Amino acid sequence: MASLGELERSVMDQLWSTSEASTANELRDRLAQSEVQSKDLAVTTVLTVLSRLEKKGLVERERGTRPHRYRAVSTREDHTARLMHEALGTAPDREAVLARFIGSVTEAEAATLRRLLARG
Amino acid sequence: MLLTAYLLALLAILLAWPVPVALSRARWTSRSPFAAMVLWQSIALAGGLSMIGAMLVYGLEPLGDNLLQALRRAIGIVLGNRATDELHFWHLFALCAAALLGTHLIFTLGLTYARITTQRRRHRALLEVLSSPSGAIERTLVINHPAPVAYCLPGGSRSVTVLSDGLLEALSPAELAAVVDHERAHLTQRHHLLLWAFEAWRQALPWLPTTRLSRAAVSSLVEMLADDIARRTTPDETLVRAIALVALGGGAAEAPQGLPAVVRPEPAIEPGMPDEGEASLAARVSRLLTPRPPLGRARTTAVLAGSGLLLAVPTVLLLAPGLVG
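Everything quoted here is computed from the prediction, not taken from an experiment.

What exactly am I supposed to notice about the overall build of chain B here?
In terms of helices and strands, chain B carries twelve helices and four strands. The 325 residues of chain B split such that 41% are buried. Pairs at least 24 residues apart make up 72% of the contacts formed inside chain B by residues separated by at least 6 positions.

Structure (structure tokens):
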């Protein structure tokens, strides 16, 4: 049995791979096809994962239809970009107190660094 | 008591402006980042203590010869809701200001903590979905992105180091090991707590030179401390190469195709703020390129003793009964 984190990742990968909204059943079938360990995956598990992802703001539910259809809120690239913004300290809320190896580097900084390296 | 108040006020002014300005220009700090870090912490603590203390002592001056006795009488007056003509307008003004400043500092500390925690939780939730565990290095996640990035996400037992695909590709195994050691050092030495405290200090009193200078100094010193841990196992040249590859590889290269170009915009520098990052990165690389010996034992001891003294002075002034005046 895969961990919840791994399942969340697989479900998101499935949602990101299509532009259409999917039901939990469809998702389970696609997961079963794509992965070896998901053979005995129950629909309720998929629903649990989906509601966790919804709480995290990654997935939205279309409430008009039964069964509910789920879709990714934004693309994988957008999320990654946001993550990188926060990691580099360029996010608009500059409080992310993440210790990063190198934060965002301005042109002036890059120039100073090149000068130092040339001298060293 | 009045003399105590004036001495505390003098100390508060010295620690708010000339002392931090001098320390931020001092060159020995990069030779002993640890001693410098201790000194900055004691400047901040002693500064806050003498600021609040000066106003408290001034306001309570008519009520007694020493702070504890006066404080007890003041509490009696407040709790008993009694009238007093001993305290005049400026005494009450100073007492209110002391209470407000004290509350403000504590609230800002809590608020900053809450904001940072929320942001980290959101970040971690995204990370869980977007990254996969690195097979080779334990407690390390790899995120799919061509820009070379490494950082650590503190969170007790769930602390992780995050590396990007771009970083793994750009660095040799030795350089990568240096980066991972550097990030782990941040986590084991709990640098996020220092950054949090000084960030809160800056947000509470942003117009005070000391808060901005100390925040910048601490973030730079933290990097030097982490570099020093990496240097135990990695030659300096390797670490410099890793820094250069990450700094220049990501910043100078244009955004790779297929990715939003928003990844490395010019960081929003607040007007009137000197670019602290520039000085910091340069200082960090210079000390690796031309290493200077760490501060001698005598001078390190002097700095540490000075830090202790700095904390002791306002404490003694506040608590010692009838010592002065």
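Could you clarify how one ought to interpret the overall build of chain A in this entry?
Along its length, chain A carries five helices and three strands. Along chain A, helices (α) and strands (β) appear in the sequence α-α-α-β-β-α-β-α when read from the amino end. A buried classification covers 34% of the 120 residues belonging to chain A.

Could you clarify how one ought to interpret the nonpolar core in this entry?
Across soluble globular proteins, you tend to see nonpolar side chains buried next to one another. Among the nonpolar cores identified, the biggest contains 103 residues, and Val11 of chain A together with Ala150, Val162 and Val218 of chain B are the most heavily contacted of them. In terms of residues, this core owes the most to one element, helix 3 (residues 33-60) of chain B, which gives 17 residues. Shared between two domains, this core holds at least three residues of each, these being domain 1 (4-72) and domain 2 (76-119) of chain A. Residues within four places of Ala150 of chain B in sequence aside, it is in contact with Arg100 and Phe101 of chain A together with Val162, Leu163, Leu167, Val179, Glu183 and Val246 of chain B.

Just to check I follow, could you spell out helix 7 (residues 173-188) of chain B for this structure?
An α-helical segment advances 3.6 residues per turn. Residues three or four places apart therefore align on the same side. With 16 residues, helix 7 of chain B extends 22 Å between its outermost C-alpha atoms, agreeing within 8% with the 22 Å of an ideal straight helix rising 1.5 Å per residue. Of the residues flanking the end of helix 7 of chain B, it is Arg190 of chain B, one or two places downstream, whose phi is positive at about 55°.

What should I look at first to understand the packing of helix 2 (residues 24-34) of chain A against helix 3 (residues 43-55) of chain A in this one?
Axes are the key here: two packed helices are described by the angle between their axes and the distance separating the axes. Residues and elements named next belong to chain A. Across the interface, helix 2 lies against helix 3 with an axial gap of 9 Å and an inter-helix angle of 105°. With respect to each other, helix 2 and helix 3 are oriented roughly perpendicular. Two secondary-structure elements touch here, helix 2 through Ala24, Asn25, Leu27 and Arg28 and helix 3 through Val43, Val46, Leu47 and Leu50. Class assignment of the residues belonging to the contact of helix 2 with helix 3 gives a composition of six nonpolar, one polar and one charged.

I'm lost on the environment of His91 of chain B in this one. Help?
Take His91 of chain B: it is sitting in helix 5 (residues 89-130). Every residue in contact with His91 of chain B, bar those within four places of it in the chain, is listed here: Gly59, Glu61 and Pro62 of chain B.

Please clarify how the environment of Phe198 of chain B should be interpreted in this entry.
Residue and element names in this part refer to chain B. Looking at the secondary structure, you find Phe198 in helix 8 (residues 191-204). Linking Phe198 and Ser32, residues 166 residues apart in sequence, is a C-alpha distance of 19 Å. In contact with Phe198, other than residues within four places in its own chain, are Ser214, Arg215 and Val218.

What should I look at first to understand helix 1 (residues 2-16) of chain B in this one?
Residues and elements named next belong to chain B. Taking 1.5 Å of rise per residue, 15 residues should cover 21 Å, and helix 1 covers 21 Å from first to last C-alpha, within 8% of that figure. Within helix 1, the full set of buried residues consists of Thr4, Ala5, Leu8, Leu11, Ala12, Leu15 and Ala16. Mapping the buried residues of helix 1 onto a view down its axis gives an arc of 125°, with all of them on the same face. Opposite the buried face of helix 1, at more than 90 degrees from it, the exposed residues are Leu2 and Leu10.

Scoring rules and cut-offs
- Residue numbering note: each chain is counted from 1, following its sequence as written.
- Here every chain gets a letter starting at A, and every ligand a number starting at 1, in the order they are written.
- Given that this is a predicted model, residues contribute local features only at a pLDDT of at least 70 and side-chain atom pairs are listed and counted only at 80 or more, while totals for whole chains, interfaces and linings are drawn from all residues.
- Secondary structure elements follow DSSP: runs of H or I no shorter than four residues count as helices, runs of E no shorter than two count as strands, and numbering proceeds from the N terminus.
- Here a residue counts as buried when 20 or more other C-beta atoms sit within 10 Å of its C-beta, as exposed when there are 12 or fewer, and as partly exposed otherwise, the C-beta atoms being derived from the backbone.
- Contact criterion: two residues are in contact if their C-beta atoms, reconstructed from the backbone, are within 7 Å.
- Core membership is restricted to buried Ala, Val, Leu, Ile, Met, Phe, Trp, Tyr and Cys residues, and these are joined into a nonpolar core through C-beta atoms within 7 Å.
- Throughout, the edges of the domains are those of an automatic or database domain assignment.
- Take the number of residues in a helix, subtract one, and multiply by 1.5 Å to get its expected span.
- For helices, the fitted axis covers only the stretch in contact; all axes are lines through C-alpha atoms, and the angles between them, taken along N-to-C directions, range from 0 to 180 degrees.
- Roughly parallel refers to an angle under 35 degrees, roughly antiparallel to one over 145, roughly perpendicular to one between 65 and 115, and oblique to any angle outside these ranges.
- Under the grouping applied here, Gly and all other residues not named as nonpolar or charged are polar, the nonpolar ones being Ala, Val, Leu, Ile, Met, Phe, Trp, Tyr, Cys and Pro and the charged ones Asp, Glu, Lys and Arg.
- Throughout, the arc means that of the directions going from the helix axis to the C-beta atoms.

So yeah, pure geometry; function would need other evidence.
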